[in-house]
Amino acid sequence: PLNSSVPATKIEVTVSCRNLLDMDTFSKSDPVVVLYMQGLGTKEWREFGRTEVIDNTLNPDFVRKFVMDFFFEEKQNLRFDVYNVDTRSSNFSKHDFLGQTFCTLGEIIGSVGGRLERTLSLLNGIPGKKCGTIIFAAEELSNCRDIATMQFCANKLDKKDFFGKSDPFLVFYRSNEDGTFTICHKTEVIKNNLNPVWQPFTIPVRALCNGDYDRTVKVDVYDWDRDGSHDFIGEFTTSYRELSRGQNQFNVYEVDVLNPKKKGRKKKYVNSGTVTLLSFKVESEYTFVDFIRGGTQLNFTVAIDFTASNGNPSQPTSLHYMNPYQLNMYAMALKAVGDIIQDYDSDKLFPAYGFGAKLPPDGKISHAFPLNSQADNPNCVGIDGVLEAYFQSLRTVQLYGPTNFAPVISQVARCAAEVTDGSQYFVLLMITDGVISDMAQTKESVVNASSLPMSIIIVGVGPAEFDAMEELDGDDVRVSSRGRFAERDIVQFVPFRDYIDRSGNQVLSMARLAKDVLAEIPEQVLSFMKSRGIGPRPLVPI
């Protein structure tokens, strides 16, 4: 039920709102827009992304864009919800709902000039209060992969604050084909300084000029004010080409910051300060597909939890129950992820391990035993071969404990350490029903593995509390062990129960799980390649 067709193109949608409801007593609303998309063939809405929050305004122009794959042959239903952010919670039931609208991506693209304006309505389209309007602009992204890193400073900016100097920041705008401007970057604010030096920042060239190097880039200089009514100091225009030429040893790129109002009033007006480009460099950004097409192989390894807490495999209540009519949770998770990853692994040989069981003949406990019982060659042929070895192991080993993750992680890390030239990348899928017994050792092994070409996917099955797993999934806080932090975030954890289709549609449950757990892999592959300065190999001729 999920997309397999290749998108014709990527579309960047920019969102603005006008005349939003004012929900805050002492200031204006602090709006954010959340985009939901409807899955193919389902009525379910899933969050696709959200803009940043802009404080204290009823007329926001959001910087963060939504970049979507556009499929001409499909109806891509979109829902935009606008909220007033009250607390730091990411749960929207805690915020004021300001209105919503529904449309399709095709409607935005097909509207005149790629600009669509819609009236916001309260839930379920009930008209009533005037909720204001939402405006979408769509632009097709050119296939430009360069990313530019640049740094600016300013000199002698106008003083805007009564009691101190100005608090300046820069806002960059890309010009659109219809002559309007779209915000693409804001620098940080430098407090109380008329000669600020801003931090270097990195921006995709397509965001700055959509691949047209001579297209105007407008830059506004503002003095930050707490209440959101930032004072305009002045502006200048440039282009990607001017910036890229501007910084070399023979050339200092310095521009006047001009304030048209002042210029009109004062005869002797020269400028409101100057801005200087301190550095500018361009790097090419490779994509995940570049590496795959250049021959990088994904090596898929599976590790399955054989601890006693799973229950006796011959009983229907067991998570390892071998039901002749349908797959158990372990088999579903393994097949869901494996069926997708196997496309990127040419030999289709998958090492498969179990942990937490007593092995025949002498009852020795093992935390990394090959499911096919061949210590010197744990490879199984295809995903079906892994499933077969898994079912065979259930008949021969005794479920035991404890739940130790570190041995298997270290085992795969040893293989990954042998091939760090970018030709191979290892993905370890661990499926478990419970809480990790060797958390300290597991953290240590994750930190060690984070410098290797390797990612770890952990799928939790069954009803257990998996809070400790979130600690390993370094989305918010990087995993650390004995004062050392993981070089990259390489762990993705999800509880399978969040993806189960309530009507019992196993295919849909598996597709949802795979889509989510595999979502971070391309980025993790790229982060490894980038950290080692590895580029994709030239395309392999077919």
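Residues numbered from 1 in each chain as written. Predicted model: local features only at pLDDT ≥ 70, side-chain atom pairs only at ≥ 80, totals over all residues. Heavy atoms only, no water.

Participant: Please provide a residue-by-residue account of the domain arrangement of the chain, values included.
Facilitator: Split by domain assignment, the chain resolves into domain 1 (9-141), domain 2 (146-284) and domain 3 (296-345 + 402-532). Using C-alpha coordinates to define each centre, domain 2 is positioned 45 Å away from domain 3. (Domains from an automatic or database assignment.)

Participant: Before we move on, can you summarise helix H9 (residues 439-449) with the specific residues and values?
Facilitator: Within H9, eight of the eleven residues are buried, leaving the element largely enclosed by the surrounding structure. Against helix H8 (406-418), strand S25 (454-460), helix H10 (467-472), strand S26 (480-481), strand S27 (484-485) and strand S28 (491-495) lie the buried residues of H9. (Buried < 20%, exposed > 50% of the residue type's maximum accessible area, 1.4 Å probe, protein only. Helix = DSSP H or I, 4+ residues; strand = E, 2+ residues; numbered from the N terminus. Contact = heavy atoms within 4.5 Å.)

Participant: Help me get a handle on the sheet that holds strand S16 (residues 274-284), residues and values and all.
Facilitator: An order of S12-S9-S16-S15 is seen for the four strands of this open sheet, with the pairing classed as antiparallel. Either end of the sheet is taken by a strand with one partner, and the two such strands are strand S12 (201-204) and strand S15 (254-256). Strand-to-strand twist in this sheet, taken as the mean axis angle between neighbours without regard to direction, amounts to 35 degrees. Where strand S9 (residues 146-155) meets S16, ten bridges bridge the pair, whose relative direction is antiparallel. In the sheet register, Asp-146 faces S16, and the bridge partner there is Ser-284. (Pairing = 2+ DSSP bridges. Axes fitted to C-alpha atoms, helices over the stretch in contact; angles between N-to-C directions.)

Participant: So what's going on with the state of the cysteines? Residues and values would help.
Facilitator: In this structure the tally under the stated criterion is zero disulfides. Cys-415 takes part in no disulfide bond, and the closest cysteine sulfur to it belongs to Cys-380, at a distance of 14 Å. Overall, the relative accessible area of 34% leaves Cys-415 in the partly exposed class. (Disulfide = S-S within 2.5 Å.)

Participant: Before we move on, could you go through unusual backbone geometry and cite the residues and values that matter?
Facilitator: Omega for the bond connecting Pro-360 with Pro-361 falls within 30 degrees of zero, at 0 degrees, which places this linkage in the cis form. At the junction of Gly-401 and Pro-402, the peptide bond is cis and its omega measures out at -10 degrees in the coordinates. Inspection of the secondary structure assignment puts Pro-402 in the loop between strand S23 (398-399) and H8. The residue Asn-56 is not glycine, and still its phi comes out positive at about 60 degrees. Mapping Asn-56 onto the fold places it in the loop between strand S3 (45-50) and strand S4 (66-70). Positive phi, close to 55 degrees, is recorded for Lys-348, a residue that is not glycine. Along the chain, Lys-348 turns up in the loop between helix H6 (329-341) and strand S18 (349-355).

Participant: Describe in detail the pairing of strand S10 (residues 168-175), supporting the description with residues and values.
Facilitator: Counting buried positions along S10 gives eight out of eight residues, so the element sits mostly inside the fold. The alternating pattern of S10 places Pro-168, Leu-170, Phe-172 and Arg-174 on one face and Phe-169, Val-171, Tyr-173 and Ser-175 on the opposite face, and all of these are buried. Where S10 and strand S13 (residues 216-223) come together, seven bridges link them in antiparallel fashion. Counted as the bridge partner of Leu-170 is Val-221 from S13. Counting the residues between successive antiparallel strands, the hairpin from S10 to strand S11 (residues 181-186) contains five residues, one of them, Gly-179, with a positive phi of roughly 90 degrees.

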